[in-house]
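# Close look at the chain arrangement
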Amino acid sequence: MSPDLSLELCGIRLEHPILNGSGTFDAIAAHRAFGDAVDERLPFSAYVSKTITPERRAGNPPPRLYETPAGMINSIGLPNKGLEGFLMEDLPDLVRLPVPLCVSVMAPSRPGFAALVERVGQRDEVAAIEVNVSCPNVKSGLIVGEQPGETLALLEVIRPLTDKPLIVKLTPNCSDPAAVARAAAEGGADAVSLINTLRATGLDPTTLDPWLGATSGGLSGPAIRSIALDQVRRVVAQVSIPVIGMGGIETGADALEFLALGASAVAVGTASFRDPAAARRVRSELVSELVSRGLDRLPSPHVPSTST
Ligand SMILES: Cc1cc2nc3c(=O)[nH]c(=O)nc-3n(C[C@H](O)[C@H](O)[C@H](O)COP(=O)(O)O)c2cc1C
């Protein structure tokens, strides 16, 4: 019998534990190019939108991508249509997807976050909100996600504004992500997700100038997987809310490592750029991994024995 991959995450029933990393799978562009077949074969059990901001953003100057050994650096810089553009143009497109929708939000200020959470939270089509305090390309997000006090203060503002699950996406670019995770949990977050990209720079080999238009960006892909595993391990030991693990997942064995460390679910990011169906393969490989270990379900998420 095939192992049971289903789970409940923040009160939302999911068919399996594989989500997409925000900003790494454009379901709207994919539908435009390939039609309804893409939606029907969506490899994720829930869809996380690209991060939206209060105002429209053009993103960073090109070039925005730099290939590294076992990874890539991006300095995309959150191009998006802004809150109103998202609600009017993108949300009607995304409700077509056959899975729960999680909208990722980020703002340069607490009132900005509050406006996003309140307006997005009013929409029945939205199952959950991911609060991106971690993007290395926008200064304000970095400050919030680097500091437990800032994260708690943000949660105190936005938690009362919605009953929808709030998932706080942590940054790896700080000395103690577990302390920030504890602050998020204390502020009423329903889950945390990690890791976002690691701040990184690549040089043009000829001119030795920074390659990226924004000078630096965020590293993702297999190069960051062992860092992600360690940060997930440290966070699951310190919070009792669910943890969504990501960072360089390319195979079912990779996904199982995050789940074995106590993550409740995982996300596939950079791997989807090379192969948009990568998450489907990850899922079938995860089934094989469980079967080969004689397991009929996912490992149980870790619950720490103390809250410290
Ligand atoms: C091109 C690109 C764009 C991304 N955009 C976002 C974003 O809009 N919001 C966000 O929270 N994370 C964003 N991320 C981070 C991913 O969601 C993920 O946390 C990170 O890439 C680690 O996973 P991976 O190694 O599997 O890609 C982006 C990553 C990449 C590579």
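Report follows, based on the coordinates. (Residues numbered from 1 in each chain as written. Predicted model: local features only at pLDDT ≥ 70, side-chain atom pairs only at ≥ 80, totals over all residues. Heavy atoms only, no water.)

The final tally for this structure, using the stated rule, is 2 aromatic pairs. When the ring of F25 is compared with that of F44, the centres are 5.0 Å apart and the planes differ by 80°; the resulting orientation is edge-to-face. Taken together, the residues F25 in the loop between β3 (18-20) and α1 (27-34) and F44 in the loop between α2 (36-40) and β4 (47-48) connect sequence positions 19 residues apart. Between Y66 and W211 the ring centres are 5.9 Å apart and the planes differ by 65°, which places this aromatic pair in the edge-to-face class. Linking Y66 in strand β5 (residues 65-68) with W211 in the loop between β11 (198-200) and β12 (217-220), this pair joins segments that are 145 residues apart in sequence. (Phe/Tyr/Trp six-rings, centres within 6.5 Å; stacked < 30°, edge-to-face > 60°. Helix = DSSP H or I, 4+ residues; strand = E, 2+ residues; numbered from the N terminus.)

Below, the discussion takes up the site of the ligand. By nearness alone, 24 residues border the ligand, and T51, K169, G221, G248 and T270 come closest of all. Note that an oxygen atom of the ligand is positioned 2.9 Å from one of the backbone N or O atoms of I195. One nitrogen or oxygen atom from the main chain of G269 is found 3.2 Å from an oxygen atom belonging to the ligand. (Near = heavy atom within 4 Å. Polar contact = N/O pair within 3.5 Å; in protein donor to acceptor, adjacent residues only side chain to side chain.)

So, about the sheet that holds β12. Across the sheet, 4 strands lie side by side as β5-β6-β12-β11; this open sheet has antiparallel pairing. The sheet is open, and its two edges are formed by β5 and β11, each paired on a single side. Here the average twist between neighbouring strands, direction ignored, is 35°. As defined by bridge partners, β5 adjoins strand β6 (residues 71-74) across 4 bridges and the pair is classed as antiparallel. Opposite L65, over in β6, you have N74 as the bridge partner. (Pairing = 2+ DSSP bridges. Axes fitted to C-alpha atoms, helices over the stretch in contact; angles between N-to-C directions.)

For the rest of this paragraph, the subject is the sheet that holds strand β9 (residues 166-169). Read across the open sheet, the 8 strands follow the order β3-β14-β13-β10-β9-β8-β7-β4; overall the sheet is parallel. If you trace the sheet from one side to the other, it starts and ends with β3 and β4, each paired once. Where β9 and strand β10 (residues 191-194) come together, 3 bridges link them in parallel fashion. Bridge pairing in β10 places V168 opposite V192. Those strands touched by helix α11 (residues 278-292) are β3 and β14 (265-268), and its axis lies near 165° from that of β3. (Contact = heavy atoms within 4.5 Å.)

Here we take up the environment of R182. Among the secondary structure elements, R182 is positioned in helix α7 (residues 177-186). A relative accessible area of 32% means that R182 is categorised as partly exposed. (Buried < 20%, exposed > 50% of the residue type's maximum accessible area, 1.4 Å probe, protein only.)

When helix α9 (residues 252-260) is considered as a whole, its buried residues turn out to be G252, D254, A255, L256, F258 and L259. Where the residues of α9 are buried, they touch α8 (225-236), β13 (243-246), β14 and α11. Measuring from the side-chain oxygen of the N-cap residue of α9 to the backbone nitrogen of A253 gives 3.3 Å; that N-cap residue is T251. At the C-terminal side of α9, G262 shows a positive phi close to 115°.

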